[in-house]
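Residue-level listing of the chains:
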Amino acid sequence: MACHQKEAVYDPQKDIEYCIAQAKKTLMSLPIDTPNIPRNITDASGKWKLVNYKDWTSGFWPGILWYAYQASGDDSLKYAADRCSRELIPLSQEPAIDHDLGFQVFSSFGNGYRLTKDTSYKQIILASADTLATLFNPHVGTILSWPRAVPNMEWPQHNTIIDNMINLELLFWASKNGGDSRLYDIAVSHAEKTMKNHFRPDYTAYHAVVYDRETGEKIKGITHQGYSDGSMWARGQAWAIYGYTMCYRETGKQEFLDFAEKVAKVYLDRLPDDLVPYWDFDDPAVPNAPRDASAAAVTASALLELSGLVNNQGKAAFYYRKAADMLASLSTSYQSGEANTAFLKHVTGHKPNNSEVDASINYADYYYLEALLRLKNSTVE
């Protein structure tokens, strides 16, 4: 752990309070019957598109409520977080439809268990980890991300996307809390194989890698949501920064920490002045391309954790300052304010499909609040 004095940064408390107020407004607008999980707001109406538990983003809304409860101690938020989390229980009982169980279950029940120690949550997390593990291909060494035909993925070959790095946390946690030790080995294998095959020489990430499902050989690196196969898709790079930081925390393997710093550097070196990236760093439309506030939120949260893991005081202070400045920028220029009840605007989901472009999306809000809480709770040593 690095010991460093916190520099004077903005106080996140008012922005945490803003998030709590926005979440309560959203809660008041939601129906009791499903679908009732808010995913995105894409137009001036300010209305949320609602989804059910099967949507890959379903865990972020209950996760937001858990963070809001953590920040406020408001039992009404705890009740709502529990109710919304329990809508996701079928994910722990049904076969895996893709790799997103970590996003779905650990963001919801994981935070719920951390805050309440409700043993029923623990069993749901453990069962979901076992389900996620069924997608692991030992010939390849990674988890299959999309067990279905997706354009340009050469199905039924094995595909792995960079987003999957975040879902490894579910496996690490389960392996240390009563689950099979094999879950740890699967997570490490996935991270190591991804580190070897998912990155270009400059440490920018492909969105997806296709492997031969029988031999494990890499077939190609491609994109699905980025500008091109050779471009740096902002959120994908953010997933890599967050994922390898988390992998170092869980394993203590120095190579994961070193790699987290390398994938962070290429992202940080290319940011615009306000520290919120364009949706893809290589879109030729820059500086007139859409931004992606979600990538900034994910990265800010990751850098705050990274600042506490590196042993070099100068690096620790640098990561801390960058994260704080990112959050200050998001809070100054990217909040939804009165436009809707989300936290952030100017998020880009899937631009090649013209889907969720310049929108508010629940995962941006989740990582924004997580980062604000990490900043508030960081300690002076």
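As shown above, the structure is provided for reference.
Now for a look at the structure at hand. (Residues numbered from 1 in each chain as written. Predicted model: local features only at pLDDT ≥ 70, side-chain atom pairs only at ≥ 80, totals over all residues. Heavy atoms only, no water.)

Next up on the list: the packing of aromatic side chains. Counted by the stated rule, this structure contains 25 aromatic pairs. Between the aromatic rings of Phe103 and Trp239, the centroid separation amounts to 5.1 Å while the plane-to-plane angle is 55 degrees, which identifies the pairing as tilted. Here Trp239 lies in helix α8 (residues 234-251) and Phe103 lies in helix α4 (residues 101-116), a separation of 136 residues in the sequence. Taken as a pair, Phe103 and Trp239 share a single burial class, namely buried. Centre to centre, the rings of Tyr244 and Phe256 are 5.9 Å apart; their planes meet at 50 degrees, and the pair counts as tilted. Here Phe256 lies in helix α9 (residues 254-269) and Tyr244 lies in helix α8, a separation of twelve residues in the sequence. Here Tyr244 falls in the buried class, since its relative accessible area comes to 0%. (Phe/Tyr/Trp six-rings, centres within 6.5 Å; stacked < 30°, edge-to-face > 60°. Helix = DSSP H or I, 4+ residues; strand = E, 2+ residues; numbered from the N terminus. Buried < 20%, exposed > 50% of the residue type's maximum accessible area, 1.4 Å probe, protein only.)

Considering the arrangement of structural elements, one finds Asn159 in strand β5 (residues 158-161). In this structure Asn159 comes out as buried when scored by relative accessible area, which is 0%. Only 2.9 Å separates the side chain of Asn159 from the backbone nitrogen of Trp146, close enough to count as a polar contact. (Polar contact = N/O pair within 3.5 Å; in protein donor to acceptor, adjacent residues only side chain to side chain.)

Scanning all chains against the criterion turns up 21 salt bridges. The salt bridge partner of Asp118 is Arg86, with a shortest N-O separation of 3.5 Å. Pair noted here: Asp118 is in the loop between α4 and α5 (119-133) and Arg86 is in helix α3 (residues 75-86), with a separation of 32 residues, a long-range link. Given the relative accessible area of 25%, Asp118 is considered partly exposed. Accessibility expressed as a relative area gives 33% for Arg86, which makes it partly exposed. Of the charged contacts in the structure, one is a salt bridge between Asp98 and Arg148, with a shortest N-O distance of 3.8 Å. A residue pair is termed long-range when its members are at least 10 positions apart, and Asp98 in the loop between α3 and α4 and Arg148 in the loop between β4 (142-143) and β5 qualify at 50 residues. The class for Asp98 is buried, based on a relative accessible area of 8%. Via salt bridges that share partners, Glu169, Lys176, Arg249, Glu250, Glu305, Glu370 and Arg374 belong to a single interconnected network. (Salt bridge = Lys/Arg side-chain N within 4 Å of Asp/Glu carboxyl O.)

Looking now at the environment of Gly221. Structurally, Gly221 can be placed in strand β7 (residues 218-222). For Gly221, a relative accessible area of 17% puts it in the buried group. For the pair Gly221 and Asn197, spaced 24 residues apart in sequence, the C-alpha to C-alpha distance is 8.2 Å. Setting aside residues no more than four positions away along its own chain, Gly221 makes contact with Tyr206, Ala208, Val209 and Asp229. (Contact = heavy atoms within 4.5 Å.)

This brings us to the pairing of strand β1 (residues 37-41). Across the five residues of β1, five count as buried, placing the element largely inside the fold. In the sheet, β1 pairs with strand β2 (residues 49-51) via three bridges, with the strands oriented antiparallel. Residue pairing for β2: Ile37 is matched across the bridge by Val51. (Pairing = 2+ DSSP bridges.)

We now examine the nonpolar core. Residues Leu168, Leu327, Leu330 and Tyr367 are the most contacted members of the largest nonpolar core, which totals 124 residues. Sequence-distant contacts of Tyr367, defined by excluding residues within four places in its chain, comprise Phe60, Phe103, Ile166, Trp239, Tyr242, Ala297, Val298 and Ser301. Of all hydrophobic cores here, the second largest spans seven residues; its members include Val150, Ala208, Val210 and Ile222. (Core = buried A, V, L, I, M, F, W, Y, C linked by side-chain atoms within 4.5 Å.)

Spatially, β2-β1-β8 is the arrangement adopted by the three strands of the open sheet, whose pairing is antiparallel. A single partner strand is all that each edge strand has here, and the edge strands are β2 and β8 (360-361). Note: β1 against β8, two bridges, orientation antiparallel. Across the sheet, residue Asn40 finds its bridge partner in β8, namely Ile361.

Quick look at the side chain of Ser294 now. Relative to the elements of secondary structure, Ser294 occurs in helix α10 (residues 293-307). Owing to a relative accessible area of 0%, Ser294 belongs among the buried residues under this scheme. Engagement of the side chain of Ser294 in a polar contact is seen with the side chain of Asp292, the distance being 2.6 Å. In this view, Ser294 contacts Arg235, Val347, Tyr363 and Ala364; residues no more than four positions away in its chain are not counted.

Right, let's talk about the environment of Ala208 for a bit. Checked against the element boundaries, Ala208 lands in strand β6 (residues 208-211). Setting aside residues up to four positions removed in sequence, Ala208 forms contacts with Met153, Thr160, Ile161, His198, Lys220, Gly221 and Ile222.

Moving on, we get to α4. Look at α4: 21 Å from first C-alpha to last across 16 residues, which is about the 22 Å you get at 1.5 Å a residue. Approximately 30 degrees is the largest bend angle found in α4, and it occurs at Ser107. Buried residues dominate α4, accounting for 13 of its 16 residues. Positive phi shows up at Lys117, right after α4, with a value of about 60 degrees. (Expected span 1.5 Å × (residues − 1). Bend = angle between axes of the 7 residues up to and from the residue.)

Keep in mind that these numbers describe shape and distance, not what the molecule does.
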